[in-house]
Each structure stands twice: as C-alpha cells, then as structure tokens.
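Now for the letters of each chain:
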Number of protein chains: 2
Amino acid sequence: MNGAAPIAITMGDPAGIGPELTSKAWLSRKNHDLPPFVYIGCPEALKILPNYPPFKIISNLDDCVKTFENFLPVLEISTTSPITLGTLNKANSLAVVEAIKRGVNLTLAKECRALVTGPIQKSSLYDVGFKFAGHTGFLADLTATPPDQTVMMLASPELKVVPVTVHMALKDVASHLTTRKMEITAKVLIKALKEKFGINDPKIAVSALNPHAGEGGAMGQEETSIISPAIEALKKTNINIEGPYSADSLFTTPMRKTYDVALCMYHDQALIPLKTLDFQNGVNITLGIPIIRTSPDHGTALNIAGLDMANIGSMIAAIKMADQMSQNDA
Amino acid sequence: MNGAAPIAITMGDPAGIGPELTSKAWLSRKNHDLPPFVYIGCPEALKILPNYPPFKIISNLDDCVKTFENFLPVLEISTTSPITLGTLNKANSLAVVEAIKRGVNLTLAKECRALVTGPIQKSSLYDVGFKFAGHTGFLADLTATPPDQTVMMLASPELKVVPVTVHMALKDVASHLTTRKMEITAKVLIKALKEKFGINDPKIAVSALNPHAGEGGAMGQEETSIISPAIEALKKTNINIEGPYSADSLFTTPMRKTYDVALCMYHDQALIPLKTLDFQNGVNITLGIPIIRTSPDHGTALNIAGLDMANIGSMIAAIKMADQMSQNDA
C-alpha cells in the first residue's frame with residue numbers, strides 16, 4: 001500500500017450533495033486534519049456550488065498530494081449535459097458510473113489508497129446499465145468479488161453494526177436468513193476487524209430476529225433453527241461470538257461495551273440504533289472487497305442540494321475511517 | 001378520581017425481582033418523592049428479601065396513606081407454597097394472578113387511583129388458566145375491554161413509542177398489519193395523550209415497515225397499501241399525524257423533537273430506540289383500558305432475584321408515571 005497515495009472521492013450524483021460535501025471537506029481539511037484526497041467527477045458540479053473551493057484539474061496523481069495543499073485536485077469526468085442542483089438528470093448518469101469505475105480502478109492499482117463514494121441515486125442509473133441494489137453490488141462486480149462475500153458495516157464512534165440481510169422488504173427477511181449466510185458474513189467481518197481495524201481478538205454479539213429472542217420458540221423459530229447453529233459453528237472455528245440477544249437489549253450502554261460489532265439480522269435492526277445514537281457521524285463501509293471503501297451514511301439529499309446546508313460530519317468521518325483503515329492495512 | 005387514594009402495586013412473580021423493587025421503592029419514597037402506594041401480594045415474598053422494609057398488613061385502604069409514612073402497606077394474598085428467589089414455583093401462580101385481579105378491581109372501584117404491575121413469568125401461569133400473551137390481555141379481560149382496543153406504550157424521558165403489532169414472530173408482522181389496526185391504535189393513543197398526558201394537540205409520527213420506507217415500492221408495498229392510507233384517513237379526522245418515515249431516521253435527536261409519540265409497526269422497531277436511549281427508565285403503559293396501568297419495562301430477572309442488585313429506575317419511573325397520569329386524568 002502506498003502510504004503517500006491520496007484517497008479517491010467520487011462525486012456521486014452531481015444533482016445531490018456529494019460535490020458539496022467534497023468541497024466542504026477540502027475547505028475544512030486543516031480543521032479536521034484530513035489526509036490528501038482527489039475528487040473524481042465533473043468540474044461543473046463544483047462550479048455551480050454557491051461556495052466552491054479553488055480546484056485544479058490534474059491528469060495523473062503524481063502531484064496530487066502537493067496540489068492538495070492549495071487546490072482541490074480533480075480527476076475530470078466530463079459530462080455534456082447541464083447539472084441542476086436538486087433535479088436529477090439521467091443524461092449525467094454515465095458520468096456518475098464512470099467516476100465510480102475510475103475510483104475503483106485507481107484504488108485497485110494502489111494509485112489511491114482508499115475509496116470514498118459520494119451518494120448516488122440508483123433509480124437514475126438503471127437506464128445506463130447499472131443493475132445493482134446500490135454501490136456495494138457494483139463494487140463487487142468491478143472488483144470481481146462474489147456478491148455473497150461483500151459485507152456492509154455501519155460505524156459511528158458509538159457503535160459498529162453489520163446487517164446479515166440488507167435491502168429487502170421486512171416480510172422477506174426471515175426466508176432470506178440462513179446459517180450459511182450468517183457464517184460467511186461473520187468470517188468476512190472477523191477478517192476485516194483484524195486486518196483493517198487492528199482488533200486482535202474481535203468480539204461479535206449477535207442479535208435475535210424475533211422479539212424477546214423468540215421467547216423459547218413462542219414468537220418465532222429462527223433463533224433455534226438458524227441463528228444459534230451459526231453461532232455454535234463459528235465458535236468451533238475459534239471466533240469470539242455470542243448470542244442471540246434480544247435486539248432491544250443489545251444496544252444499551254452497558255451491552256455496547258461488551259462487543260466490537262453487533263451482527264444484526266436485518267437493515268433497520270442495525271440502522272435504528274446506529275442513527276439513534278449518532279445520526280451525523282455514521283460511516284458506511286464495504287468489507288470483503290479487495291479495496292478499502294467507505295461512504296457517508298446518507299443519500300443524495302436532493303431537497304437541500306445547493307443550499308449550503310449539508311452537514312459534513314458523515315463525510316469527514318468517512319474520509320478519516322478510510323485513512324485509518326488503510327494505515328491499519330499497510 | 002380519588003386524589004388521596006394510593007397506587008396499587010402488584011407483586012408479580014414472587015420468585016422474581018418484583019417484591020424487591022416495591023420494597024426498594026418504599027425505602028426510597030422520600031428521595032424520589034413518591035406518592036403513597038400499597039403492595040398487593042404475599043408478605044412472605046417480602047420477608048425472604050435480604051433487606052426488607054417494615055411493612056404492615058392492612059385489611060382495607062382507609063388508613064393506607066397514613067400507614068405509608070412508616071410502613072409499606074400490604075394487602076395480603078396468601079400462598080401455601082414456599083417461595084425461592086430465582087426459582088419459579090407454579091404452586092404460587094394462583095397468588096400471582098389473584099394479586100393482579102385484586103389490583104384491577106380496587107383500581108376500577110377507584111379505591112386505588114392507578115395500578116403498577118410487578119413482572120410476571122407467563123410460562124408459569126398457563127397452568128392456572130392464564131391464557132394471555134402478557135399482562136395486557138389479562139387486563140383487557142378483567143376490565144371488559146375489547147382486546148383490539150388496548151394499546152401498549154413504552155415511555156422514557158427521551159421518547160414515547162407505540163408498536164402497532166406486538167408479540168409475534170418477525171415474519172408474521174407484515175401480514176398482521178392492517179389499516180384498520182393502525183387507525184384503532186392511533187385513535188386510542190390520541191385520546192390517552194389528551195386525557196392522561198395533558199397534551200392538547202398531540203403529534204404522532206409514523207414509522208415505515210420496510211427499509212428506506214420501501215423506497216417507492218422497491219423494498220415492500222406496505223407503505224403504499226396499508227400505512228399511508230391509514231395516515232390519510234386519520235388526518236381527515238383532524239388527527240395530527242405524519243409519515244411514514246424511514247425507521248432509521250425517526251429516532252434521531254432532531255426528529256424526536258418533532259413529535260409526541262412514534263407509532264411503530266412492530267415490537268423491536270419501537271423497543272430498540274427506546275432502550276438504546278435509556279435502558280433503565282422505560283415504563284410500559286397500557287392505554288385503552290378504563291384504569292391507569294403502568295409497569296417497569298423489564299421481566300422477572302430471575303438470575304438476580306434476591307441479590308439486591310435490581311435497579312429501581314424503571315419501577316420509580318412507573319410509579320411516577322402512574323401518579324402523573326392519574327393527576328392529569330382527575
């Protein structure tokens with residue numbers, strides 16, 4: 001890993017708050033002690049911001065770190081269509097996708113040491129061949145990673161969570177939860193905690209699926225038939241894992257002190273406690289792919305794009321997390 | 001309502017921490033400025049505690065308030081079987097049920113002004129004809145309330161939540177959620193917020209069922225087919241209600257300031273944020289029945305019964321909430 005290499009930040013959808021977040025991050029680089037990064041996207045998406053920073057289009061990354069001192073370095077992705085803040089324009093979708101591809105390739109080639117992705121609007125991308133539920137599937141595809149080996153982690157200073165099932169209707173969760181899926185997720189997670197987070201003996205706490213952890217089968221069987229067998233199998237491989245715990249008791253202050261990551265059964269079970277505890281500094285992290293990738297834990301926020309209102313807490317946290325992970329991984 | 005009437009506290013299962021909580025509450029009555037209450041249960045369950053307070057068995061409630069100054073007043077429910085802290089004994093189940101019946105009847109007769117119930121172990125009660133999923137169903141039965149009119153609210157200083165569906169497996173939630181059930185729940189809730197909580201124009205925020213509020217149908221249809229129609233119908237009756245909001249955004253600090261109660265679609269969706277924010281001071285409140293009933297928001301905690309370790313925060317909060325609600329309702 002090239003410690004001097006910059007972090008790549010993709011613009012995300014130029015109609016959303018992605019470019020604004022990158023701009024604000026650069027403007028506050030000294031306050032937040034941020035490492036050098038490069039913006040991969042359309043310069044036009046910066047120019048239409050009410051307060052955009054001095055930027056310099058660069059053709060390669062050789063001078064990026066030096067440029068970063070006085071200018072936001074930009075690797076240009078061109079678009080031929082106008083950008084209107086707050087209004088999606090599908091004519092720009094190819095540029096959105098191209099920025100991600102370029103960011104991934106530079107990170108795979110170690111010209112960048114980590115990737116931070118700006119928020120995208122999936123619905124706007126399907127017309128240009130994007131066929132994934134979100135960034136994660138696309139990143140798996142671009143890095144030739146089997147999709148079932150990718151794991152989404154959400155992290156804040158208070159809590160780290162990993163949902164075993166992710167983007168599906170609540171009614172479909174139980175039928176998608178399998179012992180095998182839990183085992184794969186836990187193994188990817190443990191590896192990342194050791195290699196990317198510097199935790200020698202990571203401890204995982206597993207949530208139940210059903211209220212009161214199923215209350216001995218009275219309110220659901222999955223604890224007995226799926227979750228506990230996975231925990232037992234993982235324990236046999238010397239993984240430090242306990243549960244299933246009632247989900248409503250797992251995130252209390254004393255419980256949070258007993259584990260490194262909560263392995264949750266579905267999206268909202270993981271995201272509710274994370275955002276309840278800290279709604280501004282959450283970071284989304286993709287584990288299991290051969291690059292380090294983080295992102296702010298929010299969407300394009302079209303309703304406030306261009307109003308200079310976007311809070312940069314999550315973007316700052318995403319950059320710092322990418323920085324820290326790449327140092328641990330060095 | 002008789003403002004001078006005491007609050008009734010039922011012992012719950014005598015093998016659990018219920019009697020200890022009542023004892024500790026009485027011992028700290030001055031510190032916490034608690035109103036007079038009477039313990040309804042077995043005196044033996046007090047006597048086996050390591051630190052039990054002076055108590056006096058009373059035959060009626062006439063002198064209860066005066067007695068409370070120097071003794072824990074006790075309305076005796078006798079049992080013929082030994083009580084072992086931490087070990088359930090089904091021979092005492094009739095006494096557990098009898099204490100609840102007596103508490104309800106005294107509160108219905110306004111000899112007590114509110115009911116606080118100690119934690120029970122349902123599995124231990126089924127043999128004596130108890131046929132309910134918990135206290136709530138039993139209280140509905142004892143007060144001749146249609147079960148679908150009872151509503152469970154959980155309250156802490158930070159947050160009030162009401163789950164529309166309650167004790168069922170997660171996979172069954174979607175099929176049990178109906179527009180009618182949401183409307184009934186919201187109406188019971190609004191009435192209680194006005195009459196028992198003194199809120200003139202209560203504001204309800206409704207959570208979505210699916211992640212990202214279903215993302216326009218891509219991850220579940222219930223927002224469109226069930227939840228939004230209920231909200232629209234309720235708005236037409238001048239109820240101040242908004243949603244559905246993504247569940248992971250509903251409990252952030254700024255969002256919590258915008259509503260009085262979050263109407264949630266299932267148990268853990270409501271309980272996770274409540275306990276994450278404050279795991280010691282949650283109160284369980286039954287709305288829709290003709291008496292005021294609260295309880296500590298935890299179980300019998302058999303593993304710590306008799307060890308003098310039980311935290312009284314939730315019991316103190318339950319007594320104070322019952323006190324406040326009965327004053328608002330006066």
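No experiment lies behind these values; they were computed from the predicted model shown. (Residues numbered from 1 in each chain as written. Chains lettered and ligands numbered in written order. Predicted model: local features only at pLDDT ≥ 70, side-chain atom pairs only at ≥ 80, totals over all residues. Heavy atoms only, no water.)

Brief notes about the nonpolar core
Note on soluble globular proteins: their nonpolar side chains tend to be buried together.
Here comes step 1: Residues A:F37, A:M182, A:L287, B:F37, B:M182 and B:L287 are the most contacted members of the largest nonpolar core, which totals 192 residues.
Here comes step 2: Of all hydrophobic cores here, the second largest spans 32 residues; its members include A:L271, A:L274, B:M152 and B:A262. (Core = buried A, V, L, I, M, F, W, Y, C linked by side-chain atoms within 4.5 Å. Buried < 20%, exposed > 50% of the residue type's maximum accessible area, 1.4 Å probe, protein only.)

Remarks on the packing of aromatic side chains
Residue and element names in this part refer to chain A.
Here comes step 1: Applying the stated rule across the entire model yields 13 aromatic pairs over all chains.
Here comes step 2: Taken together, a centroid distance of 6.3 Å and an interplanar angle of 45 degrees make the contact between Y126 and F130 tilted.
Here comes step 3: Looking at F130, the relative accessible area reads 4%, which means it is buried.
Here comes step 4: Members of the aromatic cluster, connected to one another through ring pairs, are Y126, F130, F132 and F138.
Here comes step 5: One cation-aromatic arrangement involves R29 over W26; the distance from NZ or CZ to the ring centre is 3.6 Å. (Phe/Tyr/Trp six-rings, centres within 6.5 Å; stacked < 30°, edge-to-face > 60°. Lys NZ or Arg CZ within 6 Å of the ring centre and 35° of its normal.)

What about the sheet that holds strand β6 (residues 151-155) of chain B?
Residues and elements named next belong to chain B.
Here comes step 1: In spatial order, the strands read β3-β4-β2-β1-β5-β12-β11-β6-β7-β10-β8-β9; together these 12 strands make up an open sheet with mixed pairing. A strand with exactly one partner marks an edge of an open sheet, and here the two such strands are β3 (55-57) and β9 (240-245). Across the sheet, the mean angle from the axis of one strand to that of its neighbour is 25 degrees, orientation sign disregarded.
Here comes step 2: Each of β6, β7 (160-163), β8 (203-207), β9, β10 (261-264) and β11 (283-287) touches helix α7 (residues 179-195); the most contacted strand, β10, lies at about 160 degrees to it.
Here comes step 3: Sheet contacts for helix α11 (residues 313-328): β1 (7-10), β2 (37-41), β5 (114-117), β6, β11 and β12 (293-296); angle to β12, the most-contacted strand, approximately 165 degrees. (Pairing = 2+ DSSP bridges. Helix = DSSP H or I, 4+ residues; strand = E, 2+ residues; numbered from the N terminus. Axes fitted to C-alpha atoms, helices over the stretch in contact; angles between N-to-C directions. Contact = heavy atoms within 4.5 Å.)

Points about empty space enclosed by the protein
Here comes step 1: Under the counting rule described, the total for this entry stands at 2 cavities of 30 Å³ or more.
Here comes step 2: In terms of lining, the largest cavity is formed by A:T165, A:V166, A:M168, A:L170, A:V173, A:Y266, A:H267, A:D268, B:L209, B:N210, B:P211 and B:Y266.
Here comes step 3: Elements with a minimum of two residues in the lining of the largest cavity: α6 (170-176) and α10 (267-277) of chain A.
Here comes step 4: Looking at the lining of the largest cavity residue by residue, the class counts come to 8 nonpolar, 3 polar and 1 charged.
Here comes step 5: Considered as a void within the structure, the second largest cavity measures approximately 30 Å³ in volume.
Here comes step 6: Lining the second largest cavity we find A:L209, A:P211, B:V166, B:M168, B:L170, B:V173, B:Y266, B:H267 and B:D268.
Here comes step 7: Counting only elements with at least two residues in the lining of the second largest cavity, the list comes to α6 (170-176) and α10 (267-277) of chain B.
Here comes step 8: Class assignment of the residues belonging to the lining of the second largest cavity gives a composition of 7 nonpolar, 1 polar and 1 charged. (1 Å grid on protein atoms, 1.4 Å probe; cavity = no way out; pocket = protein on both sides within 12 Å on 5 of 7 lines; lining within 4 Å. Points joined across faces, edges and corners; volume = space filled by probe spheres on them. Nonpolar A, V, L, I, M, F, W, Y, C, P; charged D, E, K, R; others polar.)

Some words on the sheet that holds strand β6 (residues 151-155) of chain A
Residue and element names in this part refer to chain A.
Here comes step 1: Taken together, the 12 strands give an open sheet; going across it, the order is β3-β4-β2-β1-β5-β12-β11-β6-β7-β10-β8-β9, and neighbouring strands pair in mixed fashion. In this open sheet, the two strands that pair with only one neighbour each are β3 (55-57) and β9 (240-245). Adjacent strand axes in the sheet meet at a mean angle of 25 degrees when their direction is disregarded.
Here comes step 2: In terms of strand pairing, strand β1 (residues 7-10) meets strand β2 (residues 37-41) through 4 bridges, oriented parallel. Looking at the pairing, I7 lines up with F37 of β2.
Here comes step 3: Contacting β8 (203-207) and β9, helix α8 (residues 222-236) crosses the sheet at an angle of about 165 degrees to β9.

Some words on the pattern of salt bridges
Here comes step 1: Inspection of every chain in the model, using the stated rule, returns 25 salt bridges over all chains.
Here comes step 2: Through salt bridges with shared partners, one network takes in A:E20, A:K24 and A:D308. (Salt bridge = Lys/Arg side-chain N within 4 Å of Asp/Glu carboxyl O.)

Regarding the relation of the copies chain B and chain A
Here comes step 1: Note on the copies: chain B fits chain A at an RMSD of 0.0 Å, the axial shift is 0.0 Å, and the rotation between them is 180 degrees. The operation mapping one copy onto its partner corresponds to a two-fold rotation axis.
Here comes step 2: Of all interface residues in chain B, 100% are interface residues in chain A too; the two copies therefore contact each other through one and the same surface. (Least-squares fit on C-alpha atoms with pLDDT ≥ 70 in both.)

Topic: the interface of chain B and chain A
Here comes step 1: At the junction of the two partners, chain B supplies 34 residues and chain A supplies 34 residues.
Here comes step 2: Of the roughly 3,000 Å² buried where chain B meets chain A, counting both sides, 66% is carbon and sulfur surface.
Here comes step 3: Our enumeration of links across chain B and chain A arrives at 4 salt bridges.
Here comes step 4: When the shortest N-O distance is used, the salt bridge between A:K122 and B:E215 registers 2.9 Å.
Here comes step 5: Linking chain B with chain A are 6 residue pairs in polar contact (both at pLDDT 80 or more), by the criterion used here.
Here comes step 6: Put simply, the parts of the chain that give the side of chain B that touches chain A at least two residues each are α6, α9 (253-256) and α10 of chain B.
Here comes step 7: Looking at which element gives the most residues to the side of chain B that touches chain A, the answer is α10(B), with 9 residues. (Buried area = accessible area lost by both parts, 1.4 Å probe. Polar contact = N/O pair within 3.5 Å; in protein donor to acceptor, adjacent residues only side chain to side chain.)

A word on the pairing of β2(B)
Residue and element names in this part refer to chain B.
Here comes step 1: Within β2, 5 of the 5 residues are buried, leaving the element largely enclosed by the surrounding structure.
Here comes step 2: With 3 bridges joining them, β2 and strand β4 (residues 72-76) adopt parallel strand pairing. In the sheet register, G41 faces β4, and the bridge partner there is E76.

Considerations on the state of the cysteines
Here comes step 1: Using the criterion set out here, one finds 0 disulfides over all chains in the structure.
Here comes step 2: With no disulfide of its own, A:C264 has B:C264 as its nearest cysteine by sulfur position, at a separation of 17 Å.
Here comes step 3: Taking the relative accessible area as the measure of exposure, A:C264 reaches 0% and is therefore buried.
Here comes step 4: Counting only cysteine sulfurs, B:C112 is the nearest neighbor of B:C42, a cysteine outside any disulfide, at a range of 17 Å. (Disulfide = S-S within 2.5 Å.)

Some remarks on helix α1 (residues 18-27) of chain A
Here comes step 1: The buried fraction of α1(A) amounts to 9 of the 10 residues, a majority that puts the element mostly inside the structure.
Here comes step 2: Taken as a whole, α1(A) has its buried residues at A:G18, A:P19, A:E20, A:L21, A:T22, A:S23, A:K24, A:A25 and A:W26.

Looking at helix α7 (residues 179-195) of chain A
Here comes step 1: When the terminal C-alpha atoms of α7(A) are compared, their 24 Å separation across 17 residues agrees well with the 24 Å that a helix rising 1.5 Å per residue should span.
Here comes step 2: Listed as buried for α7(A) are A:M182, A:I184, A:T185, A:A186, A:V188, A:L189, A:I190, A:A192 and A:L193. (Expected span 1.5 Å × (residues − 1).)

Thoughts on the environment of B:T286
Residue and element names in this part refer to chain B.
Here comes step 1: Within the fold, T286 resides in strand β11.
Here comes step 2: With 207 residues separating them in the primary sequence, T286 and T79 have C-alpha atoms 28 Å apart.
Here comes step 3: In this view, T286 contacts T136, L139, V151 and R293; residues no more than four positions away in its chain are not counted.

Quick notes on the side chain of A:T276
Here comes step 1: On the secondary structure map, A:T276 appears in helix α10.
Here comes step 2: A residue is classified by how much of its surface remains accessible, and A:T276, at 3% relative accessible area, is buried.
Here comes step 3: What A:T276 contacts, discounting residues up to four positions off in sequence, is B:F251, B:R256, B:P273 and B:L277.

A look at the side chain of B:T150
All names here are of chain B.
Here comes step 1: Its location among the elements puts T150 in the loop between α5 (135-142) and β6.
Here comes step 2: The class for T150 is buried, based on a relative accessible area of 17%.
Here comes step 3: Here the side chain of T150 touches P147 through a polar contact of 2.8 Å, landing on its backbone oxygen.
Here comes step 4: Residues within four places of T150 in sequence aside, it is in contact with T136, A140, T145, L287 and I289.

Note that all results are geometric; they support no functional claim without further evidence.
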